[in-house]
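Structure assessment
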2 protein chains.
Amino acid sequence: AEAVVRVSEIFGPTIQGEGALIGLPTVFVRTGGCDYRCSWCDSLHAVDSRYRADWKPMTSGAILDEVRRLSGDRPLTVTISGGNPAIQPLGDLIRQGHERGYRFALETQGSVSQDWFAELDMLVLSPKPPSSGMVTDWQALANCVAEASAGPRTVLKFVVFDEADYAFARDAASRFPALAVYLQPGNPIPEGAEAEHEAVDPDALMRRMEWLIDRVTADRWFEAHVLPQLHVLIWGNRRGV
Amino acid sequence: AEAVVRVSEIFGPTIQGEGALIGLPTVFVRTGGCDYRCSWCDSLHAVDSRYRADWKPMTSGAILDEVRRLSGDRPLTVTISGGNPAIQPLGDLIRQGHERGYRFALETQGSVSQDWFAELDMLVLSPKPPSSGMVTDWQALANCVAEASAGPRTVLKFVVFDEADYAFARDAASRFPALAVYLQPGNPIPEGAEAEHEAVDPDALMRRMEWLIDRVTADRWFEAHVLPQLHVLIWGNRRGV
Ligand code: SF4
Ligand code: SF4
């Protein structure tokens, strides 16, 4: 029997709004379910079990069909996010997509590793800083890096709300000196899923960018990229765009 | 005698606000003088001969000293822009900087090629679209690509104000299918250097982003990156930041 993936939403093509592939057209596959509960999670509809009924069990073939439909059967980079997509069986999707010329970038917090990480084109490890309320399992993160070592380009991405988050990012990056680093100012949303669609304040986000750039340049951390979430600037916190 | 470079300004470190290195800390070296006069040039202080008295003749050694001072002698990527930096003798600066671990990205419209392009780490060719009022010499651009072929990562960057600019970018990109493409919505400023420091409208810029993203995804141009000028969003059109 083919593996079944719990899918929260599939949408696009639109641009990747953040991180190493910023600006690149992509189709997003967002899986449902997460082993974390970050205080500022902006994807509660793909995390909270209240939304479980919306998560559709799909085979790899059905997911790829939808990706092909959305992209007009023209290969592009598919971004797999969640929730935590690393808890889903995604190896078949990646293999079947590669046969059609599609590429795959996966973003996970790094709490669960899978042997199929090696087949990805990009692995974005996004350990959660103190402001999330979560605690990083460094061994699990190292396992993710190790699983991917023969395959994809692996990068670290950090959401930074405050000095403690920044210190966490510095520490985590120093543990994996070979990986490129992307820092992203946190985008505060009020608690609760209802607030998920609320507008953001672009000025406040830009002041956070400024602070983070000052922080990084003052420390001469010249290997770290500082990038905002473009989709938030363009469309606000609206989902599915 | 050592080659002398006309320098309009050296500043940083701050992040690269656009293109392939977006988000990366960099020191900018802006040279004075340009063989173009784009209608919407946002660097008139490095182009217009009215500002010529501000352009400082500097040796490679003096430029590198200033870059090292600004970066605390910690190697980073130096961005060389202008004006058109390709009309300056920059080979010595690149070689001397490499000895100290610095990397060099150069941005030019592609009207003048130099043998030292091969020594760069990144070459950003930014042919000017119809809205600029300039006409691209395709042979000169091809010469730039050829000079760089053994060396740096070469990418194409296009400012897009309207449909004609977009069509130009499509055509130019199709001439160089091996090069990565970065599209950037135009950032309109009123004519004249006095207006150079005026504020921009972030909402209008984001609506242009949205238009350009729609344009690219409708055409399934999935290899093109669409990115705004972050420095304009963060600091407006202020110079030297
Ligand atoms: S790991 Fe990601 S999806 Fe899971 S709760 Fe945290 S922010 Fe939300
Ligand atoms: S090529 Fe660049 S620096 Fe020269 S006039 Fe055009 S926009 Fe200004």
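Summarised in this report is the structure supplied together with it. Predicted model, so just to flag it, every value in this text is computed and none were measured.

**Some points on the site of ligand 1**
Taken together, Cys-34, Tyr-36, Arg-37, Cys-38, Cys-41, Val-47, Gly-83, Gln-109 and Lys-128 of chain A form the complete shell of residues around ligand 1. Of the residues that constitute the shell around ligand 1, the class distribution is five nonpolar, two polar and two charged.

**Overview of the interface of chain A and chain B**
Facing the 32 residues of chain A at the interface are 32 residues of chain B. For the pair chain A and chain B, the summed buried surface comes to about 2,800 Å²; carbon and sulfur atoms form 69% of the total. When residues of chain A are sorted by the area they lose upon contact with chain B, Arg-220, Phe-222 and Ile-234 of chain A head the list and together hold 22% of the total. At the boundary of chain A with chain B, the tally comes to zero salt bridges. Seen at the junction of chain A and chain B, the total is eight residue pairs in polar contact (both at pLDDT 80 or more). Counting residues per element, the ones that place at least two in the side of chain A that touches chain B are β1 (4-15), α5 (202-218), β9 (224-226) and α6 (230-235) of chain A. With seven residues, the top contributor of residues to the side of chain A that touches chain B is α5 of chain A.

**Quick word on the environment of Leu-125 of chain A**
All names here are of chain A. Among the secondary structure elements, Leu-125 is positioned in strand β6 (residues 122-125). Residue class for Leu-125 comes out buried when judged on its relative accessible area of 0%. In sequence terms Leu-125 and Leu-141 are 16 residues apart; their C-alpha atoms lie 8.0 Å from each other. The contact partners of Leu-125, leaving out residues within four places of it in the chain, are Thr-108, Gly-110, Leu-141, Cys-144, Val-145, Thr-154, Val-155, Leu-156 and Lys-157.

**A few points about the relation of the copies chain A and chain B**
When chain A is fitted to chain B, the residual RMSD is 0.0 Å, and the transformation amounts to a turn of 180 degrees plus an axial shift of 0.0 Å. This pairing of chains is accounted for by a two-fold axis. Interface overlap between copies: 100% of the residues of chain A at the interface are likewise at the interface in chain B, consistent with a symmetric, same-surface contact.

**Observations regarding the sheet that holds strand β3 (residues 56-59) of chain A**
Pairing between the strands of a sheet comes from backbone hydrogen bonds, and it takes one of two forms, parallel or antiparallel. All names here are of chain A. With mixed pairing, nine strands are arranged side by side in an open sheet as β3-β1-β2-β4-β5-β6-β7-β8-β9. In this open sheet, the two edge strands, each paired with only one partner strand, are β3 and β9. Neighbour-to-neighbour, the strand axes of this sheet turn through a mean angle of 30 degrees, independent of strand direction. Where strand β5 (residues 103-108) and β6 come together, four bridges link them in parallel fashion.

**Observations regarding the layout of surface pockets**
As a volume, the largest pocket reaches approximately 710 Å³. Lining the largest pocket are 36 residues, with Ala-20, Arg-153, Ala-180, Tyr-182 and His-225 of chain A positioned closest to its centre. Of all the secondary structure elements, the ones that give two or more residues to the lining of the largest pocket are α4 (163-175) and β8 (180-185) of chain A together with β8 (180-185) of chain B. Of the residues that constitute the lining of the largest pocket, the class distribution is 22 nonpolar, seven polar and seven charged. The space that makes up the second largest pocket amounts to roughly 160 Å³. What lines the second largest pocket is Arg-170, Ala-173, Ser-174, Phe-176, Pro-177, Leu-179, Ala-180, Val-181, Trp-221 and Glu-223 of chain B. When residues of the lining of the second largest pocket are traced back to their parent elements, those giving at least two are α4 (163-175) and β8 of chain B. It is α4 of chain B that provides the largest number of residues to the lining of the second largest pocket, a total of three residues. Looking at the lining of the second largest pocket residue by residue, the classes come out as seven nonpolar, one polar and two charged.

**Some details on the pairing of β8 of chain A**
Strand residues, when the strand is regular, have side chains that alternate between the two faces of the sheet. All names here are of chain A. For β8, the tally of buried residues reaches five of six residues, placing the bulk of the element in the interior. Of the pairings in the sheet, the one linking strand β7 (residues 153-160) to β8 comprises six bridges and is parallel in character. Opposite Phe-158, over in β8, you have Leu-183 as the bridge partner. Viewed along the sheet, the connection from β7 through α4 into β8 turns out right-handed. In this sheet, β9 lies alongside β8 in parallel orientation, the contact comprising three bridges.

**Things to note about the site of ligand 2**
Looking at ligand 2, the residues that line it are Cys-34, Tyr-36, Arg-37, Cys-38, Cys-41, Val-47, Gly-83, Gln-109 and Lys-128 of chain B. Across the shell around ligand 2, the residue classes tally to five nonpolar, two polar and two charged.

**Some points on the sheet that holds strand β2 (residues 25-31) of chain B**
All names here are of chain B. Strand order in the open sheet formed by nine strands is β3-β1-β2-β4-β5-β6-β7-β8-β9, and the pairing between neighbours is mixed. For this open sheet the edge positions go to β3 (56-59) and β9 (224-226), each flanked by a neighbour on one side alone. With direction set aside, neighbouring strand axes in the sheet form an average angle of 30 degrees. In this sheet, strand β5 (residues 103-108) lies alongside strand β4 (residues 77-81) in parallel orientation, the contact comprising four bridges.

Calculation criteria
- Residues numbered from 1 in each chain as written.
- Chains lettered and ligands numbered in written order.
- Predicted model: local features only at pLDDT ≥ 70, side-chain atom pairs only at ≥ 80, totals over all residues.
- Heavy atoms only, no water.
- Near = heavy atom within 4 Å.
- Nonpolar A, V, L, I, M, F, W, Y, C, P; charged D, E, K, R; others polar.
- Contact = heavy atoms within 4.5 Å.
- Buried area = accessible area lost by both parts, 1.4 Å probe.
- Salt bridge = Lys/Arg side-chain N within 4 Å of Asp/Glu carboxyl O.
- Polar contact = N/O pair within 3.5 Å; in protein donor to acceptor, adjacent residues only side chain to side chain.
- Helix = DSSP H or I, 4+ residues; strand = E, 2+ residues; numbered from the N terminus.
- Buried < 20%, exposed > 50% of the residue type's maximum accessible area, 1.4 Å probe, protein only.
- Least-squares fit on C-alpha atoms with pLDDT ≥ 70 in both.
- Pairing = 2+ DSSP bridges.
- Axes fitted to C-alpha atoms, helices over the stretch in contact; angles between N-to-C directions.
- 1 Å grid on protein atoms, 1.4 Å probe; cavity = no way out; pocket = protein on both sides within 12 Å on 5 of 7 lines; lining within 4 Å.
- Points joined across faces, edges and corners; volume = space filled by probe spheres on them.
- Right-handed = clockwise from strand over helix to strand, strands pointing away.

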